[in-house]
Amino acid sequence: MANRIETIGVLTSGGDAPGMNAALRAVVRTALSRGLEVKGIRRGFHGLLKGELFDMNSHDVSEIIQCGGTILQTARSGRMHEEAGQKLAAEQCEKYGIDGLVVIGGDGSYRGAQALARHGVNVIGVPGTIDLDIGCTDYTIGFDTAVNTAMQAIDKIRDTSTSHERCSIIEVMGRSAGYIALWSGIAGGAEAILMPEEDDVNEEYLIDSIRAMRNMGKKHFIIINAEGIGDSAGMAERIEAATGMETRATILGYLQRGGSPTCKDRVFASIMGAKAVELLLEGKSNRAVCFQKGEFVDFDIEQALSMKKRPPEKIYDMAQELSV
């Protein structure tokens, strides 16, 4: 593909996240202000393969910064796991004159971007996922909104849990990562936080803890259970059978993906979207925009995908101390 960037494409892929629209707005308006043309791609890589592209102007992204979800819609594409699908996607970029592509999504979206880069597409990844599970970055678009949504739900459930003197298990999203569980659990004053990063979730220890706290006079309990552990309903039945305490499970589910993004998600997403365009104009490709140690930086996508992280053990230990 040509080294000079004249037209960029932008898509949102994978699970939607509050703040994706803010990133999209920044991509479009930064590109237009630098004299570039912008093509929006509907429904992620699936839409790219289908040719669902359209020209975008500044008006197209007016009044969207406050909106959750993504105006481009999103989808998952199994064909992007296949060489034939990847080759076709690259051919579509060439057909529609796309000199650079901005992909907003999670690690699966990054793998799609990585595949396109191998086929000669200039591509930049922007981290959009509520799960905070991309190893190269301390922040992902949507996490702050999602964790605040979870916290507010926990506060409301606590009211009922207190009134009925019951144990409430609240299951939060995060896929195989426990960041939403940890943050919302601390903010919600939970008595226990269960995360998939733990070596072993010991229900007997949890039940013994509930019994001990009840003997100390505690009347209600909040347990935050991460999606990666699951089985919240079964856990509630086992706890109630073992302790005699009424126990209810609430699965927050997709509630956490929606809603108007927080100030942090809007600002950080805007900075990341603008930076993606700047990287393309600098002649960079196959890069991932990241936030590390207070700075907005970029990494090679290959390197970014190889990075691993897990919730800080010190913070988890602190949460356990505060729950006593």
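In this text the structure is predicted, and so the values were computed from the model without any measurement.

## Focus on the overall build of the protein chain
Of regular secondary structure, the protein chain possesses eleven helices and eleven strands. For a compact globule of 324 residues, the expected C-alpha radius of gyration is about 20 Å, and the protein chain comes in at 22 Å, within 12% of that figure. With respect to the three principal axes, the spread of C-alpha positions in the protein chain is 70 × 35 × 35 Å. Taking all 324 residues of the protein chain together, the buried fraction comes to 55%. Long-range contacts, defined as pairs at least 24 residues apart, comprise 74% of the intrachain contacts of the protein chain with a sequence gap of at least 6. When the accessible surface of the protein chain is summed, it comes to about 14,200 Å², and 48% of that surface belongs to carbon and sulfur atoms. Once the 35 positive and 44 negative side-chain charges of the protein chain are each reduced to a mean point, those two points are 3 Å apart.

## What to know about the packing of helix H3 (residues 83-95) against helix H4 (residues 107-118)
Packing of H3 against H4 leaves a shortest axis separation of 9 Å and a crossing angle of 70°. Regarding the angle of H3 to H4, the classification is roughly perpendicular. Contacts between H3 and H4 pair Gln 86, Ala 89 and Ala 90 from the former with Ala 115, Leu 116 and Arg 118 from the latter.

## Concerning the nonpolar core
If you look at the biggest cluster of nonpolar residues, it comprises 58 residues, and the most contacted ones within it are Ile 8 and Val 10. Listed in part, the 26 residues of the second largest apolar core include Leu 53, Leu 101, Val 121 and Cys 136.

## Let's talk about helix H7 (residues 203-215)
For H7, which comprises 13 residues, the first-to-last C-alpha distance of 18 Å matches the rise-based estimate of 18 Å (1.5 Å per residue) to within 8%. Regarding H7, the residues found buried are Glu 203, Leu 206, Ile 207, Ile 210 and Met 213. One face of H7 carries all of its buried residues, which in axial projection span an arc of 130°. H7 presents Glu 204, Tyr 205 and Asn 215 as exposed residues on the side facing more than 90 degrees away from its buried surface. Looking at the buried side of H7, the elements it contacts are strand S6 (167-172), strand S7 (192-194), strand S8 (221-226) and helix H8 (232-243).

The rules we used
Each chain has its residues counted from 1, running along the sequence as written. Where totals are concerned, whole chains, interfaces and linings use all residues; where local detail is concerned, this predicted model gives features only for residues with pLDDT of at least 70, and gives and counts side-chain atom pairs only at 80 or more. Where side-chain values are given, they derive from all heavy atoms of the structure, hydrogens and water being excluded. Under the DSSP-based scheme used, a helix requires at least four consecutive residues in state H or I and a strand at least two consecutive residues in state E, with every element numbered from the N terminus. Atoms considered for the radius of gyration are the C-alpha atoms alone. The globule rule reads 2.2 Å times the number of residues to the power 0.38. Three exposure classes are used, based on accessible area relative to the maximum for each residue type with a 1.4 Å probe and protein chains only: buried under 20%, partly exposed in between, and exposed over 50%. Should any heavy atoms of two residues lie within 4.5 Å, those residues are counted as being in contact. Computed by Shrake-Rupley with a 1.4 Å probe, the accessible areas treat only the displayed protein chains as cover when residues are assessed. Positive: Lys, Arg. Negative: Asp, Glu. His and the chain ends are not part of the count. In plain terms, the charge of a residue is placed at NZ if it is Lys, CZ if Arg, CG if Asp and CD if Glu. Only the stretch in contact is used when a helix axis is fitted, and all axes are lines through C-alpha atoms; the angle between N-to-C directions ranges over 0 to 180 degrees. Angle categories are assigned with fixed cut-offs, so that under 35 degrees is roughly parallel, over 145 is roughly antiparallel, 65 to 115 is roughly perpendicular, and the rest are oblique. Among buried residues, those of type Ala, Val, Leu, Ile, Met, Phe, Trp, Tyr and Cys that are joined through side-chain atoms within 4.5 Å constitute a nonpolar core. For a helix, the expected span equals 1.5 Å multiplied by the number of residues minus one. The reported arc concerns the directions from the helix axis to the C-beta atoms and nothing else.

Read these as layout, nothing more, since geometry by itself doesn't imply function.
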